[in-house]
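Summary of structural features
So the chains spell out like this:
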Amino acid sequence: MQATAVVNGREPMTVVARSFSVKNDYRAYSSMPPHHLARKNNGLVNGLVKSTKVPRPIVKSRNQLKERVTLVLPDKAKEGADEEQQSHLTYVGNESMPITTELKIVLPEDDVPRGTWPVFRMMDESGRFRRSDAAAPGNSDASTFNNLPEMYDLSQLRSSLISRHPHFAAEFESSELLRPSRNDYPDTRSTNTLLRAHRQMIRLRKMDTILHNAQRQGRISFYMTAHGEEAIHIGSGSALKRQDVILAQYREAGLLMWRGFTLEQFCNQCFSNDLDLGKGRQMPVHYGSRALNYQTISSPLGTQITQAVGAAYKFKLDALANPEKEAAIAIVYFGDGAASTVDFHSGCNFAATLKTPMIFFCRNNGYAISTPVKDQYAGDGIISRAPGYGMAGIRVDGNDVFAVHAAVAEARKLALRTSAPVMIEAMTYRSGHHSTSDDSSRYRDTDEVRRATDVSDPIVRLDRFLKGMGWMDDSAVASIEDEERVAVLRAMEGAEARPKPRLDAMFTDVYHEKPPHLVRQEEELRLHLKRHSIPYH
Amino acid sequence: MILRSAAMSSSSSRSALSALLRRNALGRRQRRRHLPAVPLPLPLPLVLRSHSSAAAASSGSAWQPRRLEERRDRPRDCDYDHDHDRDRRPPIADEPDYDTLGPTSRLNLFTAINSAMRTAMRTDPSAIVFGEDVGFGGVFRCSQDLLEEFGRDRVFNTPLSENGIAGMAVGYASAGGTAIAEIQFADYIFPAFDQIVNEMAKFRFRSGNQWNCGGVTLRTPCGAVGHGALYHSQSPEAYLAHTPGIVVVMPRGPRCAKGLLLSSIRSKDPVVFLEPKILYRSAVEEVPDADYEIPLGKAEIVRTGSDVTIVGWGAQLRTLQATCDLAAREGVSCELIDLRTILPWDSECVVSSVRKTGKLIVSHEAPLTCGFGAEVVATLQQECFFHLEAPIQRVCGYDTPFGLVFEQFYLPDEKKNLDAIRRVMDYSK
Ligand SMILES: Cc1ncc(C[n+]2csc(CCOP(=O)(O)OP(=O)(O)O)c2C)c(N)n1
Ligand SMILES: [Mg+2]
C-alpha cells in the first residue's frame, strides 16, 4: 500500500506501508513514550516505513506525532475502489491506524519493546558511580580518585564527580544534593545539602527504630517504619520545590522531615498530645502539615491519587493565570499494593487526559502487608502501565539517593514543560515489618530480608560513597547515629509528658462551624462526664 | 425533558416535539434558548411505548401504566412561595427577601441550576465545572453554554469514572479552588462513595483544620422520572446523611435551587447537591436574576397549618402540596415543611411545628427502612413525646428496587399521603 505522509511540514514524502505484524500494529498505536517510539521503531513513523530519500523526522511527542503525520490515502482508495481499506482506516473514529491482515494475538512479552523496563541507577551498592553498560576497569572506581575533594566542599565534590563521570555530568550538574543551600539548614546548622541528606536518612532510621520499640512497650498505639526506603524520601524530597504539594500514602515521613518537620512534631503526633497538629484524631504516622505543603495522611489506600490530579489541575490553571509565578506540581506517593486500587486507574487516566503537571511516584517495595508483588500484578511492575495511559515514565533504583533525586528533578521539569503527568516507579525493599501489627517472618524468609538489606541498604550505600570520598569514616557515622538517637529519645520523652488534646477537639472541624446538633451532642457528653465524675478537660 | 428527547429521537420527531412544546409552559424566548439544537443522547430508556393499552388489555392485565398525559413530568408551575399564607410564616434568618431582589425570569430547574453555576463562575475565577459529558452541556443541559462563556479549562469533560470525579474535586478544593463536579445520575454515585465518605467528609477534621475541601460541590440528579427504573430513579440522601462532615441538600424547585446551589458552592463545607430530575423541565418558577443565597441547614415552612405537620424534601414537595390541597377540602389544615438541607437538618423547625399540631407525617421517595424519615421520626418522638396526639406516619417508597412498570405504585403519592392524614386525624377525633 502506498501512502503519503506530511512530516514536520516538509514536502510530502512517499512512504510504503510495511506489512504489519500485529506486534508492530500494536506498537504503532500504543501510547509509548516518544523516546521508545523513536528508538524502537527504527525510524518508523506511526508504523510507516519512511522512504530512504527523506530524512528521518524528529518525533518529539505522541501528540505532535499525531498532528504532523497525516495519512493520505492513495488515489485508488480515495476513489472508493477499495472501500474495505478506506473504512478500516477510519473505523476507530478520526484517528488513522495501520491495518494488518495477519491474525496474531499480542502476547504480553511482545507488548514491551523494551523487554523489562530498565532501572535507572547512578550509584551502585559499593557507593560507586558506574555506568551500567561499562564494566571497564577504571571507569568509575572512586578509590582511584587522585585528588579527593576538599572535606565537605560540595562545589568541589560536584566538579570532581562531573569530570570523573562525564556520563552523569548533567545529573550531577543539576543535582540539588550537590549544591549548598543559601542559608544554614535549621536542623544541621550548615549549608551542606548532601551531608544533611545523609544525616536525615540516619535520623529517619533512628526515629523509626525508637518509635517502633515505643509501640512494642505500649507507649504508643501503632507505628510504621520506612526501613529500607529512606533514599526515596530524601532523594525525592530534595528534588522538589516548596510550592509542590505532597500527597503521600503513609510510609513517607522522610519527605516531611526534609521539609522541616521536627522530631518533636513527629512525636507529638504519635503520642496524640495537645501539640499534635492533627489534634489527636488520627492513628500514629498520619502526619500532615499545611505549612510544609504536605497533605494529611488518610488510611484508605489510593484515595490521594485522584486528589493529586485535582490539586495539579489547580496548579495548571494558576500557571495559566499567573505565568510569572513559580510553577508548582503535585506529587503523589503510593505503594505497589495501592497501585491496584480503582483510584490509581482513575487518577492516571484523568491526569493523562486532562494533562495535569504532576508526578505519580510508586514505591515498589515488594510487599503489600504480606502480599508479595507476584500476587499483586502480572505485568512488568507498575511503570509498564504508564504508556498505556499515554504517560511518560521512568523506573529508578529506589535505594540510590542520587538516582531518585535525578529522576524526580527530571520528571518535575518534564511535567512542567509539557504540563503532563510523569510516572516514577522506585524499586526498593521493605526491610521492616509492614507495621507494628505485623510480623513479617510469618510470610517471608528472614534470609530474604538479610540478603536485601546486606546488599542494598540505601544508608549503607551513601555511607560507602561518603567514606570513599574521605568525608566520613566509621566513627563519624557512629557519632551521627548517636546524636540522632539522643535527639529522638529527647523528643519522645517531651511528647509523652504532654497532656492529651482538649475535649473540644472531638466536635470541632467536622464542619467549618459547629452545627446545632453537634453543639447539643457535645453538651450531652459533658453532662455525662460530669454526672459520672469522669475527669476530662 | 426525557420525554421530549425521546420524542425527538423518534421518527415522528417534528410533530411530537411541537406537541410537547405546546404543553411547555416556557415562554417563546426561553424555549429557544434552552432547547438543545440536537436530540439528546440520553442514556435513559425511551418512553414506555410498549405498554400500550392494547398490549396491556390483551395480556389480561388488570392495570395499565399511566398514559403520557397523566405523567408527572409535564411542565407545571411550582410557585409554592406565593401562597396565601406567606405573611404568617415565621421568618428564617438570612433568608433572601425575594421582593427586593429585582427582575426575575421564568426558569425551570435546569436553567435555574445553570444560572446559579454561571453566577458562581462569574464571581469566582477559581470555580470550575466538570464531569461526564459536561462540556457539551450535560445530559440534562445544566451546564449548557458554560463552556462558551468560560472556556475549556474551566468547563470540561472528564473520563468516565465517578470516584475519579469526586477525588479530583476533593484535590482541586484542597488546593484552594472551587470545584463544581457533576455525577451524571445519583444512581452512579456509589463508586464515588469512598471519596465522599472517607475523604471529602473527613478532610478538615483529620488534618486538625489545617486542610479542607470546603470548595467541593457535587451535583447529581436523583429521584423518579416516570421511566427511570432501577438505575435512573434512586434517591440516596439517607446513605449520604449518615456521613458527618458533608452537607446534603435537595431543592424543591427552580427558585430555591438557585439560592441553595449558590450557597452550596460558596459554603466552606463540601456539599452533595441532589437535584430531583423530574423537575428539570417540569417545574417552572419566577427566579430572580440576581445573585442570592439561601442559608443551608434551614428548613422552610412552605405553608402554615394547625392540624398536621408534613415534612418532605425535593420533588416530594409537589406531591405533598397537592395532598395538602386535598386535605384542605376535607377541612384539615396542614403545615408543610421543606427540609431543603438534609444534613445537618433543621430539627428545631420541625419540632416547633409538631409541638403546635401534635401530628407528624414524613414522606420521601426513597425506601422506608433507614430512609431519612426514620431519623426525623426518632428525633421527633423524643422531643415531642408529650405533644404527640397520634403515631407518627411515614409515607415512603417500598423496600424494593425501583421496578420500571411499577413506578406509579411505588411512589408515595397524594392518595397514600391523604390516607396517612386521615389516619392521624382519626386519633384526635
Ligand atoms: C482501601 C484499603 N484497603 C485495605 C487497607 C489495609 N492496608 C493498609 S496498608 C496495606 C498494604 C499496602 O501496601 P503498599 O501499597 O504496597 O504500601 P506499603 O505498605 O508497601 O508501603 C493494606 C492492604 C487500606 N488501608 N485501605
Ligand atoms: Mg508495598
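Residues numbered from 1 in each chain as written. Chains lettered and ligands numbered in written order. Predicted model: local features only at pLDDT ≥ 70, side-chain atom pairs only at ≥ 80, totals over all residues. Heavy atoms only, no water.

Our focus in this paragraph is the overall build of chain B. Secondary structure assignment for chain B yields 17 helices and 15 strands. Looking at chain B as a whole, 64% of its 429 residues are labelled buried. For chain B, the exposed surface amounts to about 16100 Å²; the carbon and sulfur share of it is 53%. (Helix = DSSP H or I, 4+ residues; strand = E, 2+ residues; numbered from the N terminus. Buried < 20%, exposed > 50% of the residue type's maximum accessible area, 1.4 Å probe, protein only. Areas by Shrake-Rupley, 256 points an atom, 1.4 Å probe, with all protein chains shown as cover.)

Glancing now at the site of ligand 1. Residue and element names in this part refer to chain A. With respect to spatial proximity, 16 residues lie near ligand 1, and among them Tyr250, Arg251, Ala338, Asn365 and Tyr367 are the closest. Note that a nitrogen atom of ligand 1 is positioned 3.0 Å from one of the backbone N or O atoms of Ser299. For ligand 1, an oxygen atom lies 2.9 Å from a polar atom in the backbone of Gly337. In isolation ligand 1 offers 580 Å² of accessible surface; the protein chains occlude 71% of this area. Class assignment for the residues of the shell around ligand 1 results in seven nonpolar, six polar and three charged. (Near = heavy atom within 4 Å. Polar contact = N/O pair within 3.5 Å; in protein donor to acceptor, adjacent residues only side chain to side chain. Nonpolar A, V, L, I, M, F, W, Y, C, P; charged D, E, K, R; others polar.)

Attention now goes to the sheet that holds strand E6 (residues 216-222) of chain B. Residue and element names in this part refer to chain B. Taken together, seven strands build an open sheet; the order of strands is E4-E3-E5-E6-E8-E7-E13 and the sheet is mixed. Edge strands, defined here as strands with exactly one partner in the open sheet, are strand E4 (155-157) and strand E13 (341-343). Direction aside, the axes of adjacent strands within the sheet are offset by 20° on average. For strand E3 (residues 127-131) and strand E5 (residues 178-182), the ladder comprises five bridges, and the chain directions are parallel. Within the sheet, the bridge partner assigned to Ile128 lies in E5 and is Ala179. (Pairing = 2+ DSSP bridges. Axes fitted to C-alpha atoms, helices over the stretch in contact; angles between N-to-C directions.)

This paragraph deals with the domain arrangement of chain B. Residue and element names in this part refer to chain B. The domain boundaries assigned to chain B delineate domain 1 (96-288) and domain 2 (298-427). Computed from C-alpha coordinates alone, the two centres of domain 1 and domain 2 are separated by 26 Å. If you look at the interface, domain 1 gives 29 residues, while domain 2 gives 25 residues. With both sides pooled, the region where domain 1 packs onto domain 2 buries about 2000 Å², and carbon together with sulfur makes up 61% of that total. Three residues, Glu237, Met250 and Arg252, lead the burial of domain 1 against domain 2; their summed loss comes to 28% of the area buried on that side. For the pair domain 1 and domain 2, the number of links is two salt bridges. (Domains from an automatic or database assignment. Contact = heavy atoms within 4.5 Å. Buried area = accessible area lost by both parts, 1.4 Å probe. Salt bridge = Lys/Arg side-chain N within 4 Å of Asp/Glu carboxyl O.)

All names here are of chain A. Tallied over the full model, the rule gives 31 aromatic pairs over all chains. Considering the side-chain rings of Phe129 and Phe172, the 4.9 Å spacing of their centres and the 80° angle between planes classify their relative orientation as edge-to-face. Of this pair, Phe129 sits in the loop between helix H6 (108-111) and helix H7 (154-164) while Phe172 sits in helix H8 (residues 169-174); the two residues are 43 residues apart in sequence, bridging distant segments of the chain. The same class applies to Phe129 and to Phe172, which are both buried. Residues Tyr367 and Tyr443 carry aromatic rings whose centres are separated by 5.9 Å and whose planes lie at 50° to one another, so their mutual orientation is tilted. With Tyr367 in strand E8 (residues 367-368) and Tyr443 in the loop between strand E11 (421-427) and helix H17 (446-456), this residue pair connects regions lying 76 residues apart in the sequence. Given the relative accessible area of 10%, Tyr367 is considered buried. Judged by relative accessible area, Tyr443 falls into the partly exposed class, the value being 23%. (Phe/Tyr/Trp six-rings, centres within 6.5 Å; stacked < 30°, edge-to-face > 60°.)

Okay, the coordination of the magnesium ion (ligand 2) next. Where a metal carries four tetrahedral donors, each ideal angle is 109.5 degrees; where it carries six octahedral donors, the ideal angles are 90 or 180 degrees. Residues and elements named next belong to chain A. In this structure, Asp336 (OD), Asn365 (OD1) and Tyr367 (O) serve as the protein donors to the magnesium ion (ligand 2), at separations of 2.0 to 2.2 Å. When the donors of the magnesium ion (ligand 2) are listed by position in the chain, the intervening gaps give D-x28-N-x1-Y. On the basis of relative accessible area, Asn365 is assigned to the buried category, the value being 2%. (Donors = N, O, S within 2.8 Å, 3.2 Å for Na, K, Ca; no water.)

Core analysis: the largest hydrophobic core is formed by 132 residues, its most contacted members being Phe334 and Phe360 of chain A together with Ile196 and Leu380 of chain B. Every residue in contact with Phe334 of chain A, bar those within four places of it in the chain, is listed here: Gln249, Glu252, Gln304, Ile305, Ala339, Phe344, Phe360, Phe361, Cys362, Arg363 and Ile382 of chain A. Among the nonpolar cores identified, the runner-up in size contains 80 residues, and Leu195, Ile331, Ala406 and Trp471 of chain A belong to it. (Core = buried A, V, L, I, M, F, W, Y, C linked by side-chain atoms within 4.5 Å.)

The next subject is the environment of Arg179 of chain A. All names here are of chain A. Examined against the element boundaries, Arg179 turns out to sit in the loop between H8 and helix H9 (193-216). Through-space distance from the C-alpha of Arg179 to that of Asn322 is 29 Å; in sequence the pair is 143 residues apart. Excluding its chain neighbours within four sequence positions, the residues that come into contact with Arg179 are Leu154, Arg158, Glu173 and Thr193.

Now for the side chain of Arg196 of chain A. Residue and element names in this part refer to chain A. Relative to the helices and strands, Arg196 is located in helix H9. With relative accessibility at 4%, the residue Arg196 sits in the buried group. Polar side-chain contacts of Arg196 include one of 2.8 Å to the side chain of Asp187. Every residue in contact with Arg196, bar those within four places of it in the chain, is listed here: Tyr185, Asp187, Thr188, Met257, Trp258 and Gly260.

What follows is about the packing of helix H14 (residues 342-354) of chain A against helix H7 (residues 162-174) of chain B. Running from amino to carboxyl end, H14 of chain A crosses H7 of chain B at an angle of 70°, the nearest separation of the two axes being 9 Å. Judged by the inter-axis angle, H14 of chain A sits roughly perpendicular to H7 of chain B. Note on element contacts: H7 of chain B touches H14 of chain A through Asn163, Gly164, Ile165 and Met168 of chain B, opposite Val342, Asp343, Ser346, Phe350 and Leu354 of chain A. Residue composition of the contact of H14 of chain A with H7 of chain B, by class: five nonpolar, three polar and one charged. (Parallel < 35°, antiparallel > 145°, perpendicular 65-115°, else oblique.)

Residues and elements named next belong to chain A. Put simply, H9 and helix H19 (residues 474-497) touch, their axes get as near as 9 Å, and they point 45° apart. Between H9 and H19, the crossing angle belongs to the class labelled oblique. By crossing handedness, the relation of H9 to H19 is classed as right-handed. Contact residues: H9 offers His198, Arg199, Ile202, Arg203, Lys206, Met207, Ile210, Leu211 and Ala214, while H19 offers Val477, Ile480, Glu481, Glu483, Glu484, Arg485, Val488, Leu489 and Met492. Tallied by class, the residues present in the contact of H9 with H19 amount to 10 nonpolar, one polar and seven charged. (Left-handed = near helix turned anticlockwise from the far one by under 90°.)

A word on helix H11 (residues 254-266) of chain B. Residue and element names in this part refer to chain B. For H11, which comprises 13 residues, the first-to-last C-alpha distance of 18 Å matches the rise-based estimate of 18 Å (1.5 Å per residue) to within 8%. Most of H11 sits out of view: 12 of its 13 residues are buried. Every buried residue belonging to H11 is among Pro254, Arg255, Cys256, Ala257, Lys258, Gly259, Leu260, Leu261, Leu262, Ser263, Ser264 and Ile265, and all of these are buried. (Expected span 1.5 Å × (residues − 1).)

A few words now on the pairing of strand E10 (residues 392-397) of chain A. Residues and elements named next belong to chain A. Of the strand pairs in this sheet, E10 and E11 are connected by six bridges, and their pairing is parallel. Within the sheet, the bridge partner assigned to Asp397 lies in E11 and is Met427. In this view, the connection linking E10 to its parallel neighbour E11 by way of helix H16 (residues 401-418) has right-handed handedness. (Right-handed = clockwise from strand over helix to strand, strands pointing away.)

A word on the interface of chain A and chain B. Contact residues are listed per partner, giving 44 residues for chain A and 45 residues for chain B. Taking both partners together, chain A and chain B bury about 3600 Å²; carbon and sulfur atoms supply 59% of that area. The largest contributions to the chain A side of the interface with chain B come from Arg290, Phe350 and Tyr511 of chain A, which together make up 19% of the buried area. Taken together, the links from chain A to chain B amount to zero salt bridges. Taken together, the links from chain A to chain B amount to 23 residue pairs in polar contact (both at pLDDT 80 or more). Of all the secondary-structure elements, those providing two or more residues to the side of chain A that touches chain B are helix H13 (303-321), H14 and helix H20 (516-531) of chain A.

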